[in-house]
Amino acid sequence: MDLIPRSNVVHKLQKRGLLIAINCVAALSIFFFGYDQGMMGGVNTAPDYYHNVMKFGHTDPQTGSPVVDNTLLQGGIVSIYYLGTLMGCLVGGSFGDRYGRIKTIGLGAGWAVIGAALQTSAQNHVWMIFARLINGWGTGMLNAIVPVWATETAEHTSRGQFVAIEFTLNIFGVVVAYWIEYGCNFYKGGVTEFTWRFPIAFQIAPLLLLFVICWFFPESPRWLVKVGREEEARYILGRLRGETGADAGKAEAEFQDVRNIAELERKTASHSSYFSMLFGIGSGKLHTGRRVQLVIWLQIMQEWIGIAGVTIFAPTIFATAGIQHASVQWISGLNTITYMLSTLVCVFTLDRIGRRWTLYWGSIVQGISMFLAGGLTTLGLQHPAGSPLAKGYSSGAVAMIFLFTATFGATWLTVPWLYPAEIFPLEVRAKGNAWGVVGWSLGNGWLTLILPVVFKALEQKTYYIFGIANVITLPMVYCLYPESNQRTLEEMNLVFASDSIWTWEAERNFAILKEQNPELVQAAQRGNSVIDPETGMPMKSGRGMSLDVNARGHRGDAYEMEKQTFKHG
C-alpha cells in the first residue's frame, strides 16, 4: 500500500496486535486527561500556590489546613479549564471530521503542551486562568477525537472492553497525580513553589510522547471511506480484522457496511453544522438532534452524580468527614488507587451486560453511598472530635466515599465517554462526540465553579444533592437511552430511526428496519460474507436502502427483479 507511509505501524502489525497498539496511544491521551483532572486537587492545597501566588487563601495556624478566603476565585481557576475544553472540543470535532483523526490528535497534543508550560510558569491568578483556558482547549480537542478513533478501529463485539481499558489508564493518571503531589509535600516541608509547579509540569511528558508517536499510526478507516479514500480504508480494515483463515471476508463485509451507511447518510441528512446538529435541522430519519441532547445530558449527569466533587475536592470532603489534615492527603491517594482498580470491573462486564445495565447498577450503589456518606458525616460531627463515636461515624463516611468512587470507576466512568462515539452517524461522528465533551465541560465547569460555595454553605448535606442526582439517572437511562452494546456503528442509525424518543419504540422500529434492510448491516449478521446467500451475487451498496419503516412497499423492486433474473436465467 504505497499511499500509506512505510513508517506506519499498520504495515508491521495486524489484528489484535494492531488494535492493542492503537489502544495504547489512545490510553496515553486518556492518561493525560486523568492526570490533568486529578492534579488540581493537590495543587489547591499547596501553601505557596493558594497564599503567595494565587492569593485566594491562607493557612490555619492551629491546624495547618488551607483556609479559602475567595471561593469564587478558587472555583474560577479550576472551572475556566472546562470553558477551554468546551471550545476545544467544538474545534476538534469540526477539524477531525474535515482533516482526519490523526491530525486532530497531533494538533490537540501540541496545543495542550503550550497550555501546560504556561500553567507551570504562572505568576499570578490572571496568568493561571489564561493558561488553564489554553490547556483546556487542547484537552477538549483530544477528548473529542480520541474516543472516536478508538471506536472506529475496534470490532463491535469488543469495543466497550477496549475503551474501558483506556479509562483504567485515565484513573491511573489521577493516581499518579495524587501521589506525585503527596511526595512533593515532603520536599522542604511542602511550602515551596516546587510543590505545585512540578506536578503541573509533569503532564508535558506524556503530551510530547503522544505528539511524536501519533503520526506513525493508521487513520480511521471509516473516516477514509467518508472522504473517498477507499483503497487506504480497505487496506487498514484488512490489517485490523485479518484476511486469511476464519477471518477471510470480515474486512470486506465491514468495508461494504461502511460504504453503504456513508451513502445512506449523505442521502438522508442535508446539514452537518453544529447548529443544525443541535436542533436536528435537515437530519431526517437520522434524528441527530436527539442524539446530541442524549450525549450532552449523559455527560452532565456524570458529573452531578458526585465524581467531580470527589475527584477535585477530595481533601475537602475527607476533612468534612472529620479526618485530620495530616491524614487527608494519603487517604485521598488511597481512594484513587481503589478507584483505578475498580475500572477493571468494567473491562470484563461492559460488553457482557451492556451500557444500560452498567449505568443502572452504578446509579443504585452510588446513590446509596452518597446518602449514607451524608448521614454518617452528620452523625460524626454531632459528637466531640476524636471521640470513639465521632471516629466511627467518620470512618463509615469515608468508606462510603471509597464505595462511591469504586462503583463509579466500574460503571459511570466509561459509558458516557463511549456512548457518544458509538451512536452518531459517520458523516458527523467527531462533531457528535464533541457534543458529548460539551456536556462534560458544562457539567464540570458549572459544578467546580459552585462547589466551593456549596461545600462552604451546606457542608456534608452536599452529598444528598449527589444522591438525588443518581436517583434521577435511573428513569432517564431507562426511557431515553437505547442499548449500543454488540451493535455495529452502522446499525446505530437504524436504532435511532424511530420518530419516538422512547427506547422501547426505538427497539421495535430497529427490529423492523433490520429485517427490511439486511444489506445495510451485513457484517453484524453474516460476519464472513458479502455474498447474498439467496443468489450468490455480490451485495451492492446502497440498493433501495431506507430508514423509514413505511417505505417497505417500494423498497428493492429492482433488486427483486434482478434476483429473479439471476435465478431463472
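One numbering rule holds for all chains: residues counted from 1, following each sequence as written. Totals for whole chains, interfaces and linings use all residues, but because this is a predicted model, local features are given only for residues with pLDDT of at least 70 and pairs of side-chain atoms are given and counted only at 80 or more. Processing note: side-chain calculations cover all non-hydrogen atoms of the structure and skip hydrogens and water entirely.

### Quick notes on the overall build of the chain
Okay, so step 1: Assigned secondary structure in the chain consists of 23 helices and two strands.
Okay, so step 2: With 569 residues in all, the chain has 59% of them scored as buried.
Okay, so step 3: Here a residue-residue contact requires only that any non-hydrogen atoms of the pair lie within 4.5 Å. Within the chain, contacts between residues at least 6 apart in sequence are counted, and of these 78% link residues at least 24 apart. Numbered from the N terminus, helices here are DSSP runs of H or I no shorter than four residues, and strands are runs of E no shorter than two. Partly exposed residues are those whose accessible area sits between 20% and 50% of the maximum for their type, while under 20% is buried and over 50% is exposed, using a 1.4 Å probe and protein chains only.

### Notes on the confidence of the model for the chain
Okay, so step 1: Scored from 0 to 100, pLDDT records how confident the predictor is in each individual residue. Averaged over every residue, the pLDDT of the chain is 84; residues scoring 70 or more account for 88%.
Okay, so step 2: Confidence over residues 523-543 falls short of pLDDT 50; this stretch has 59 contacts with residues more than four positions distant or in other chains.
Okay, so step 3: Contacts for the low-pLDDT stretch residues 554-569, under 50 throughout, to residues beyond four places or in other chains number 16 contacts.

### A word on helix α8 (residues 204-213)
Okay, so step 1: By the burial criterion, the buried members of α8 are Ile204, Pro206, Leu207 and Leu210. Taken around the axis of α8, the buried residues stretch over an arc of 165 degrees, which confines them to a single face.
Okay, so step 2: Next to the buried residues of α8 lie α1 (15-43), α4 (101-120), α5 (125-153) and α7 (194-202). Read the arc as the range of directions from the helix axis to the C-beta atoms.

### Examining the nonpolar core
Okay, so step 1: Each nonpolar core is a collection of buried residues, namely Ala, Val, Leu, Ile, Met, Phe, Trp, Tyr and Cys, held together in the definition by side-chain atoms within 4.5 Å. If you look at the biggest cluster of nonpolar residues, it comprises 134 residues, and the most contacted ones within it are Tyr49, Met54, Ile77, Ile105, Phe217 and Trp435.
Okay, so step 2: With 15 residues, α1 is the single largest residue contributor to this core.
Okay, so step 3: When neighbours within four sequence positions are excluded, Tyr49 is seen to be in contact with Met40, Val43, Asn44, Met54, Lys55, Phe56, Ile77, Met128 and Trp196.

### Considerations on the pattern of salt bridges
Okay, so step 1: The working definition used for a salt bridge is a side-chain nitrogen of Lys or Arg within 4 Å of a carboxyl oxygen of Asp or Glu. Per the stated rule, a full pass over the model turns up 19 salt bridges.
Okay, so step 2: Between Asp97 and Arg101 there is a salt bridge; the shortest N-O distance is 3.1 Å.
Okay, so step 3: By relative accessible area, Asp97 is classed as buried at 6%.
Okay, so step 4: Of the residues examined, Arg101 reaches a relative accessible area of 0% and is grouped as buried.
Okay, so step 5: Across the pair Glu230 and Arg259 runs a salt bridge whose closest N-O atoms are separated by 3.5 Å. Placement of the pair is Glu230 in helix α10 (residues 230-241) and Arg259 in helix α11 (residues 250-268), with a sequence separation of 29 residues.
Okay, so step 6: Residue classification places Arg259 among the partly exposed positions, given a relative accessible area of 27%.

### What to know about the packing of α1 against α7
Okay, so step 1: Here the axes come from fitting lines to C-alpha atoms, over the contacting stretch only for helices, and the angles between their N-to-C directions go from 0 to 180 degrees. One way to put it is that α1 packs onto α7 with a least axis distance of 10 Å and a crossing angle of 180 degrees. In terms of orientation, α1 and α7 fall into the roughly antiparallel class. Here Tyr35, Met39 and Val43 of α1 lie close against α7, whose contacting residues are Trp196, Pro199, Ile200 and Phe202.
Okay, so step 2: The residue inventory of the contact of α1 with α7, partitioned by class, reads seven nonpolar, no polar and no charged. Working definition: roughly parallel below 35 degrees, roughly antiparallel above 145 degrees, roughly perpendicular at 65 to 115 degrees, and oblique for all remaining angles. Residue type decides the class: Asp, Glu, Lys and Arg count as charged, Ala, Val, Leu, Ile, Met, Phe, Trp, Tyr, Cys and Pro as nonpolar, and the leftover types, Gly among them, as polar.

### Describing the packing of aromatic side chains
Okay, so step 1: Ring geometry is summarised as follows: Phe, Tyr and Trp rings, the Trp one being its six-membered ring, pair when their centres sit within 6.5 Å, and such pairs are stacked at plane angles under 30 degrees, edge-to-face over 60 and tilted between the two. Tallying each qualifying case throughout the model produces 31 aromatic pairs.
Okay, so step 2: Centre to centre, the rings of Tyr274 and Trp435 are 5.7 Å apart; their planes meet at 80 degrees, and the pair counts as edge-to-face. In this pair, Tyr274 sits in helix α12 (residues 274-279) while Trp435 sits in helix α18 (residues 429-458), placing the two residues 161 residues apart along the sequence. Accessibility assignment for this pair places Tyr274 and Trp435 in one class, buried.
Okay, so step 3: Of the aromatic side chains, those joined through ring pairs into one cluster are Phe31, Tyr35, Phe172, Tyr187, Phe194, Phe198 and Phe202.
Okay, so step 4: Lys431 extends its terminal NZ or CZ atom over the ring of Tyr274, reaching a point 5.6 Å from the ring centre.
Okay, so step 5: Look at NZ for Lys and CZ for Arg. If either is within 6 Å of the ring centre and within 35 degrees of the ring normal, a charge sits over the ring. Lying over the aromatic face of Phe510, Arg487 brings its terminal NZ or CZ to 4.4 Å of the ring centre.

### Some remarks on the environment of Gln382
Okay, so step 1: Mapping Gln382 onto the fold places it in the loop between α15 (325-381) and α16 (388-410).
Okay, so step 2: You can call Gln382 exposed: its relative accessible area is 56%.
Okay, so step 3: In sequence terms Gln382 and Tyr393 are 11 residues apart; their C-alpha atoms lie 9.9 Å from each other.

### What about the packing of α4 against α5?
Okay, so step 1: Their axes nearest at 8 Å, the elements α4 and α5 cross at an angle of 155 degrees. Considering the angle they form, α4 stands roughly antiparallel to α5. Once α4 is placed against α5, the crossing between them reads as left-handed.
Okay, so step 2: Residue composition of the contact of α4 with α5, grouped by class: 20 nonpolar, seven polar and three charged. Each crossing is labelled by how the near helix is turned from the far one, with a counterclockwise turn of less than a right angle marking it left-handed and a clockwise turn marking it right-handed.

### Let's talk about a nonpolar patch on the surface
Okay, so step 1: Residues qualify for a patch when their relative accessible area is over 30% and they have no salt bridge, like charges being joined within 9 Å and the nonpolar side chains of Val, Leu, Ile, Met, Phe, Trp and Tyr within 5 Å. Each accessible area value is a Shrake-Rupley result obtained with a 1.4 Å probe; residue values ignore everything except the protein chains displayed when judging cover. Together, Tyr187, Phe194, Phe198 and Phe202 make up a nonpolar patch on the protein surface, roughly 340 Å² of accessible area in all.
Okay, so step 2: Position of Phe198 relative to the elements: it lies in helix α7.

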